[in-house]
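Here are the chains, one letter per residue:
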Amino acid sequence: MLEVILISIIVMIWICFGRTAKWHIAFLRPGAKRSESPGSGRFRCTVQLQKEPGGTEVFIVKIKGRVVTPSDMYDMDIQVLLADVTDGADDPKPVLGTVSQWQMEDSPVFCYRVHNGKIPRRELRISEWMTVATIRADYLQFPRQGRRKIQFVASLISHQSSAELVCAGAVMDYENAQTGYIDITEDNNQARVLTVRLAVAVADSEGRSNQAQLDVIRQWIDEHIMACQSNTGKLVIRDLLGGALRETAELIESNRQVDIESVGREMARALEVIERYNAIELCLRIAGQGDEISGRQIDILRRTAELLDIDGEKFRAMAQKLLPVRSGRGDYTNFILGITDDMTVEDKREQLNDEYCKWNGRVTSRDTTIQDQADEMLALIAQVRNDCVEQPCANG
Amino acid sequence: MADIAGIDLGTTFSAIAILNSIGKPEIVPNAEGERITPSAIYFDEEDTEIIRVGIEAVNSRQLNPDRSVRWIKRYMGDDEYRKSIDDKQWTPEELSSLILKKLKQDAGSEHGEITDVVISVPAHFDEIRRKATMDAGKMAGLNVIGIVNEPVAAALYYATNNDVSGRVLVYDLGGGTFDVTVLDIDGKEINIICSQGDHALGGVDFDNKIVEIFERSYREKFDADLIETDEDRAKYEDEAEDVKKTLSRRNVAKKMLYGSAGSMKVEISREDFEEAIGPLISRTDMLVDVILKEAKCKAGDINKVLLVGGSTRIPTIQGRLEEKFGFAPEIAVNVDECVSLGAAIHAGLTKLRDEPNEVSSGVAGGLKDVKLTDVCNHSYGTICAPRDSETGQYVIENSIILDKNTPLPCSKAQTFYTMVDGQTELQVSITQGEDKDPDYVNKMATEIFELPAGRPANRPINVTYSYDANQRMHCTFEDVDSGSVLEVEFAVGDNGQLSDKNVSAKAAQLEGLKVK
Ligand SMILES: Nc1ncnc2c1ncn2[C@@H]1O[C@H](COP(=O)(O)OP(=O)(O)OP(=O)(O)O)[C@@H](O)[C@H]1O
Ligand SMILES: [Mg+2]
């Protein structure tokens, strides 16, 4: 999660201020033809992709050519930086490092730098390709999934001052199988839009939503706006989610329904586990604000939890916490108490006993809200058990 | 030597018993000659100095329900409950102390002054309610040397007066509470296995169901309300109890209902009553199922079912138990008295353990073979933040250290780890309750434990909880690296709102009041 936030911040910075950012300059350097020397002695760089025995992909970075240092016994570092230039050399995007050792000091941007040691004489000639870095692909995070053009820039720099002596670049095509960080942010925003849509659908499932329910959704949107670090980001999210809220409400007003199945599936694909839990919690909160919970609402909630792959017991614990105890309907009662159609009478008794034991332990809570809730729960459980005995659990 | 006594402070009836010269418990009748005293209080209107407790209070109640108090045990430990009489706001502890004062006073006029007592409480009472009960005793001028669970007291009396061995289920359905305890008895050796209770299940709830039938019948006939005032309610509550008791003997009970729209006769059959209390009976059934599961046994493993409490006289209760266990339950010699009798034995045992020189040789001899092993009534834990395996997030969780039903004395330890680099303090909470979700457990104490600076995360903290036979709990939090230790100690519910000083001050205030 922390990584996702960091990456989102980076991407936001990149969207807003990318062109002036410090690291950006580095990617433009190879084109500057600064330290080239004529003829075959030109400093060059090449990259090969290899698969290691375990299946890990590695980039092998090699250099060759002539290097002139300011003095004998000059102490040098080797540095390799990467940029994604799929959208053109004038629109490079950073490649991030997933291991802190290979990140820039103040950002998660990938940076490989190792100490080379002292070079005896001022002029160094490397005549054969020499490997200077082996970079594991799983230590990198690219902006997007799929076919990418990656630029590698190898440079030799002063160990003391970090002044660059030479640098050279190489570009290679790479098929990235992983989800990119821009994909994730887009997915995140898309996921939030979907969550809002779903929330409105839950609120409106009976053709009307009350003010309290809309307030819950607005508050949720506000929390997401607040959580965004940059002002631009805040605006983007506000427009996005506010728009989603409006559109969905209009959709429902015009008597068309939100397609829970496709929204749910899309969310399952795009959302992290914790966000899926947050989404279902939002839906339960909204349902809890309603005057009464309808059968349709229960179906929506249940189906959504299923689509979002929410653990059944955790879902019910959340429902017990966030939904009112009584709603008068048999199917709702069964849902709240965890009774399902495929249970035998004995199973149902066991389930009711467990629920009774749980709520009986909560009834002495110091918190009067919990006390009242527990009292109501116990009365409900007793009623269901009583019906169970009289007509062998016919109601459920 | 002063008498050692046991008190059953019941929701509807209370009783006091003392240990005689050979260590046998005996009920001490009250000033009216009754062996049990209604737990009812009435503040006299004419003479505001006089507070009536017992049968007189019951009789006066219908005259002015505003000045009457019943079922105060249901509010024990509730810091929001106040009964306003004239200019005074009475707390549940103070009101209970008036009942205790009457018991002490009446018993004292027959014997020497009573000071050392054990008071019984429902097994499911939490620390706060236990502490409130002790405070009530202190306010009444008693030296409360211990608290015993009601079913345990009943079992103590039963085991010391009968030749029994095997696994026993004590079924205590009283006026306001319901407790079930499973225990093993071997001669005079008693090992408690576990207890469960329902705080809102007892005779008064059955009475209320009958009041509902009265109201419904009246409404059906006259389309009007039967009960319009508190006086009406008080009256019909008494009538309902009467009907309930009649239905334990007969198949039908009849009552006249006098409302403002006219009067009518209502006939309630045993079936009507059983149907009305169906959900309540279901709760008793579930609690029995729950305790058998907790005791890891089946109905067939129980050798004896012992009935305690006035409400076990209801035939359907006895019938259902017989059906469940396959044999008739045993009716304790006196369902209303055995708790106070057992509490007196418990007081003797406590005194023998803590101050053996203060106990006469006769009493010591009478109790010499009795051995009781009790268990923790609740689970105790602490709040921690493990990582959820599914979401990968830290979640705040209650982690149980000392499990419910661990035999006393006991001690359990667990290791926890600091969460972040450079963590210099740890908020330690001591909780009571069975839930993982911290919202659902009660916090008994929260303290800050200072840790050395400049350390990485994941430093071990050893947490040890111990509980002794005097129901005193001791908690230590030890920072393993530095060896520094935080200790927290509780006697039964030290965390109540009243400090001991306050209790003494209240006791002094109440001393001047006349209780009749
Ligand atoms: N014959 C009977 N049939 C039904 N109920 C009865 C009968 N006799 C007494 N009771 C009920 O028993 C209850 C009193 O029982 P008991 O004295 O054991 O309770 P308590 O000790 O005051 O309450 P608790 O233990 O719950 O605090 C009252 O509600 C009373 O109506
Ligand atoms: Mg009792």
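Analysis parameters
- Starting afresh in each chain, residues are numbered from 1 along the sequence in its written order.
- Each chain is given a letter, starting from A, and each ligand a number, starting from 1, according to the order in which they appear as written.
- Local features are withheld for residues below a pLDDT of 70 in this predicted model, meaning they are given only at 70 or higher, and side-chain atom pairs are given and counted only at 80 or more; totals for whole chains, interfaces and linings count all residues.
- The side-chain figures draw on all heavy atoms in the structure; neither hydrogens nor water molecules are used.
- Under the scheme used here, helices are H or I runs from DSSP no shorter than 4 residues and strands are E runs no shorter than 2 residues, and both carry numbers assigned from the N terminus.
- Summary of the burial criterion: residues with accessible area below 20% of their type's maximum are buried, those above 50% are exposed, and those between are partly exposed, where the area comes from a 1.4 Å probe applied to protein chains only.
- We call two residues in contact when some of their heavy atoms are within 4.5 Å.
- All accessible-area figures derive from a Shrake-Rupley calculation using a 1.4 Å probe, and residue coverage is judged against the displayed protein chains alone.
- The globule rule is 2.2 Å times the number of residues to the power 0.38, and the radius of gyration it is compared with is taken over C-alpha atoms.
- The positive count covers Lys and Arg only, the negative count covers Asp and Glu only, and His and the chain ends enter neither.
- Charged groups are reduced to one reference atom each: NZ for lysine, CZ for arginine, CG for aspartic acid, CD for glutamic acid.
- Two parts placed together each lose some accessible area under a 1.4 Å probe, and adding up what both lose gives the buried area.
- By definition, a salt bridge exists where a carboxyl oxygen of Asp or Glu is found within 4 Å of a side-chain nitrogen of Lys or Arg.
- Here a polar contact is recorded for every N or O atom pair within 3.5 Å, except that within protein the pair must consist of a potential hydrogen donor and a potential acceptor, and residues adjacent in sequence are included only if both atoms are side-chain atoms.
- Paired strands are those between which DSSP finds at least two bridges.
- Domain delimitation in this document rests on an assignment produced automatically or drawn from a domain database.
- Looking at any residue, its pLDDT shows the predictor's confidence there, from 0 to 100.
- For helices, the fitted line uses only the C-alpha atoms of the stretch in contact; every axis is such a line through C-alpha atoms, and the angle between N-to-C directions lies from 0 to 180 degrees.

**Digging into the overall build of chain A**
- In terms of regular secondary structure, chain A is built from 12 helices and 10 strands.
- When burial is assessed residue by residue, chain A has 50% of its 396 residues classed as buried.
- Across chain A, the fraction of contacts at a sequence separation of at least 24, relative to all contacts at a separation of at least 6, is 73%.
- Only carbon and sulfur atoms are counted for the fraction: they give 48% of the accessible area of chain A, which is about 19400 Å².

**Overview of the overall build of chain B**
- In terms of regular secondary structure, chain B is built from 12 helices and 28 strands.
- The C-alpha atoms of chain B give a radius of gyration of 25 Å, which matches the 24 Å a tight globule of 516 residues would have.
- Once the C-alpha set of chain B is aligned to its principal axes, its extents read approximately 80 × 60 × 55 Å.
- Considering chain B as a whole, with its 516 residues, one finds that 57% of them fall into the buried category.
- Long-range pairs, those at least 24 residues apart, make up 65% of the contacts in chain B with a sequence separation of at least 6.
- In the structure as shown, chain B presents an accessible area of about 21300 Å², 45% of it carried by carbon and sulfur atoms.
- In chain B, which carries 58 positive and 90 negative side-chain charges, the distance between the mean positions of the two groups comes to 3 Å.

**Concerning the interface of chain B and chain A**
- Contacts between chain B and chain A engage 30 residues on the former and 34 residues on the latter.
- Of the roughly 2800 Å² buried between chain B and chain A on both sides combined, carbon and sulfur atoms contribute 49%.
- Looking at the side of chain B facing chain A, the largest losses of area belong to Met286, Glu390 and Tyr440 of chain B, adding up to 25% of the total buried there.
- The residue Asp354 of chain A makes a salt bridge to Lys293 of chain B at a minimum N-O spacing of 3.0 Å.
- Joining chain B to chain A, the criterion identifies 12 residue pairs in polar contact (both at pLDDT 80 or more).
- For the side of chain B that touches chain A, the secondary structure elements donating two or more residues are helix H3 (127–139), strand E14 (189–198) and helix H8 (278–294) of chain B.
- Of the residues forming the side of chain B that touches chain A, the biggest block, 10 residues, is contributed by H8 of chain B.

**Some remarks on the pairing of strand E21 (residues 397–402) of chain B**
All names here are of chain B.
- Counting buried positions along E21 yields 5 of 6 residues, so the element is predominantly enclosed.
- When strand E20 (residues 380–384) meets E21, the two strands line up antiparallel, connected through 5 bridges. Following the sheet pairing, Tyr380 is matched in E21 by Leu402.

**Structural notes on the domain arrangement of chain B**
All names here are of chain B.
- As assigned here, chain B comprises domain 1 (4–162 + 334–374), domain 2 (203–274) and domain 3 (380–468 + 472–488).
- Residue-level contacts link 4 residues of domain 1 with 8 residues of domain 3.
- Ranking the residues of domain 1 by area buried against domain 3 places Asp126, Glu127 and Asp374 at the top, with a combined share of 84%.
- Seen at the junction of domain 1 and domain 3, the total is 0 salt bridges.
- Remark: the boundary between domain 1 and domain 3 carries 3 residue pairs in polar contact (both at pLDDT 80 or more).

**Section: the confidence of the model for chain A**
All names here are of chain A.
- For chain A, mean pLDDT is 81; residues scoring 70 or higher make up 84% of the total.
- With pLDDT under 50 throughout, residues 1–39 is counted as low confidence; its partners more than four residues away or in other chains account for 52 contacts.
- Per-residue pLDDT stays below 50 along residues 392–396; that stretch engages in 10 contacts with residues further than four places along the chain or on separate chains.

**So, the sheet that holds strand E2 (residues 57–68) of chain A**
Residues and elements named next belong to chain A.
- The strand order E1-E2-E7 describes an open sheet built from 3 strands, whose pairing is antiparallel. In this open sheet, the two edge strands, each paired with only one partner strand, are strand E1 (44–51) and strand E7 (123–136). Across the sheet, the mean angle separating the axes of adjacent strands is 20° when strand polarity is ignored.
- In this sheet, E7 lies alongside E2 in antiparallel orientation, the contact comprising 10 bridges. Looking at the pairing, Val67 lines up with Leu124 of E7.

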